[in-house]
Amino acid sequence: MDWDAYERDALRDFDTARDASGVSEVHVRYLGRRAALPLALREVRDRETGQLLNSLRERLEQGEHAASARVAREHVAQQIGSGGLDVTLPGTPFPRGRLHLVTQVRREIEDIFLGMGYEVWDGDEVSDVYHNFDALTTEPGHPSRSQSDTFYLDGDTVLRTHTSPDQIRAMESREPPIYIVCPGRCYRRDTPDATHSPTFLQIECLAVDRGITLADLQGTVLAFSRALFGPEREVRMRTSFFPFTEPSVEFDVTCFLCGGEGCTVCKHSGWIEMGGAGWVDPDVFRNVGYDPDVWAGFAFGFGIERIAMLRHGIPDLRMFWENDLRVLGQF
Ligand SMILES: [Zn+2]
């Protein structure tokens, strides 16, 4: 086979093809399944011939590529020239994507804390048992540690059940003062329903400094709630219990929908439960090597999806990951 002549003829034919179907005819003739070159390539037994034919094929493919681009350009130029293409017609609209509502709300919450001088801390979703439970003074027999509540990867590793292990890691890795928020995905063995899910987003705030008081906690929760739900909001604290804070409180904010009058969102109480808060237990400080006589601090946390549901009137948690565009497209 005279491969030089084959190449010369093929490139000439690509060069002179008049349109797209002409280019594809030339392709069939020189590069198609039954053409001499592909047949020869299938029969190759020695390395030298293989290299020779492969590089020939590459050159022909480049020739074809150039010819396709040329006829496409000529086609457009011809249509414009003949008036067949009206370049002033409006284009086809492309639907634009957007951030998921939960991501929007998470970022908004992060921005509020950044504005108050906090830092965003990203932790791992996989934690050892020590950071998820022990360091937070969760007792060995506490029900939250059981296999029926927590996803264990092995005897000592869990999918974090809250963002609190990040607090411990942050304190272990640096000296106070600390002002951080830890947002992130958490996991618990829950059956999905309108308000529960095995995976959910939490955000947790931690402040450690000299001379912090409970008034600072209350002021921070109030400033945050007003930034998120409007300047008219009030906050109240109710005593509660969490293993890693002492004293512990739950905090409520006046209903942003009815302003405290009572409506379905606040179940006619005028108040909406936001989350838990408290004074960092001295034992937690000892666990990370801080002197509880020198340092004081508070922590509070809440669910991000819950905030998004309340604020945007979403009745069912599952709507967030069913990815129905009729729902998501509204935000
Ligand atoms: Zn209300």
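Let me sum up the structure you'll find in this document.

Donor atoms from the polypeptide that coordinate the zinc ion comprise C255 (SG), C258 (SG), C263 (SG) and C266 (SG), at 2.2 to 2.3 Å from the metal. Around the zinc ion sit four donor atoms; with metal-centred angles ranging over 105 to 114°, the donor geometry is tetrahedral. Considered as a linear motif, the donors of the zinc ion on their single chain read C-x2-C-x4-C-x2-C. Here C255, found in the loop between β8 (245-254) and β9 (271-280), pairs with C266, found in the loop between β8 and β9; they are 11 residues apart in sequence, far enough to count as distant. The exposure class assigned to C255 is buried, which follows from its relative accessible area of 0%.

Bringing the packing of helix α5 (residues 101-115) against helix α10 (residues 304-312) into the picture now. Each packed pair of helices is defined by two parameters, the angle between the axes and the distance between the axes. Between α5 and α10, the shortest axis-to-axis distance is 9 Å and the interhelical angle comes to 105°. On the basis of the axis angle, α5 is roughly perpendicular to α10. Contacts between α5 and α10 involve L101, V102, V105, R106, E108 and I109 on the former and, on the latter, I304, E305, I307, A308, R311 and H312. Partitioning the contact of α5 with α10 into residue classes produces seven nonpolar, one polar and four charged.

Considering the arrangement of structural elements, one finds E204 in strand β6 (residues 199-209). We note that E204 is buried and unpaired, the nearest opposite charge coming from R188 at a distance of 7.8 Å. Here the side chain of E204 touches S164 through a polar contact of 2.7 Å, side chain to side chain. Only 2.4 Å separates the side chain of E204 from the side chain of Q167, close enough to count as a polar contact. With near-sequence residues (within four places) excluded, E204 lies in contact with T163, S164, Q167, I180, V181, C182, F300 and G301.

Strands in a sheet are paired, the pairing made by backbone hydrogen bonds, and the direction either parallel or antiparallel. Ordered in space as β1-β5-β6-β10-β9-β8-β7, the seven strands form an open sheet in which the pairing is mixed. Each of the sheet's edge strands pairs with one partner strand only, and the pair in question is β1 (119-120) and β7 (235-242). The pairing of strand β5 (residues 178-187) with β6 spans 10 bridges and is classified as antiparallel. Opposite P183, over in β6, you have I203 as the bridge partner.

Attention now goes to the sheet that holds strand β4 (residues 157-159). Spatial strand order, β2-β4-β3: three strands in an open sheet with antiparallel pairing. Here the strands that pair on one side only, and so sit at the sheet edges, are β2 (126-128) and β3 (152-154). If you compare each strand with its neighbour and ignore which way they point, the axes differ by 35° on average. Pairing of β3 with β4 involves two bridges; the strand directions are antiparallel. Each residue of the ladder has a partner; that of D154, found in β4, is T157.

Here we take up the pattern of salt bridges. Within the structure shown, the criterion is met by 17 salt bridges. A salt bridge links E110 to R106; the nearest nitrogen and oxygen atoms lie 2.8 Å apart. Taken together, the residues span about one helical turn, with E110 and R106 both in helix α5 at a distance of four residues. Look at E110 and you get buried, because its relative accessible area is 12%. One salt bridge connects R236 with D252, and the closest N-O pair in it is separated by 2.8 Å. Remark: D252 occurs in strand β8 and R236 occurs in strand β7; sequence separation between them is 16 residues. Here R236 falls in the partly exposed class, since its relative accessible area comes to 32%. Residues participating in the shared-partner salt-bridge network are D9, R12, D13 and R29.

Cut-off values and rules
- Residues numbered from 1 in each chain as written.
- Predicted model: local features only at pLDDT ≥ 70, side-chain atom pairs only at ≥ 80, totals over all residues.
- Heavy atoms only, no water.
- Donors = N, O, S within 2.8 Å, 3.2 Å for Na, K, Ca; no water.
- Tetrahedral: all angles 85-135°; square planar, octahedral: opposite > 155°, others 65-115°.
- Helix = DSSP H or I, 4+ residues; strand = E, 2+ residues; numbered from the N terminus.
- Buried < 20%, exposed > 50% of the residue type's maximum accessible area, 1.4 Å probe, protein only.
- Axes fitted to C-alpha atoms, helices over the stretch in contact; angles between N-to-C directions.
- Parallel < 35°, antiparallel > 145°, perpendicular 65-115°, else oblique.
- Contact = heavy atoms within 4.5 Å.
- Nonpolar A, V, L, I, M, F, W, Y, C, P; charged D, E, K, R; others polar.
- Lys, Arg positive; Asp, Glu negative; His and termini not counted.
- Salt bridge = Lys/Arg side-chain N within 4 Å of Asp/Glu carboxyl O.
- Polar contact = N/O pair within 3.5 Å; in protein donor to acceptor, adjacent residues only side chain to side chain.
- Pairing = 2+ DSSP bridges.

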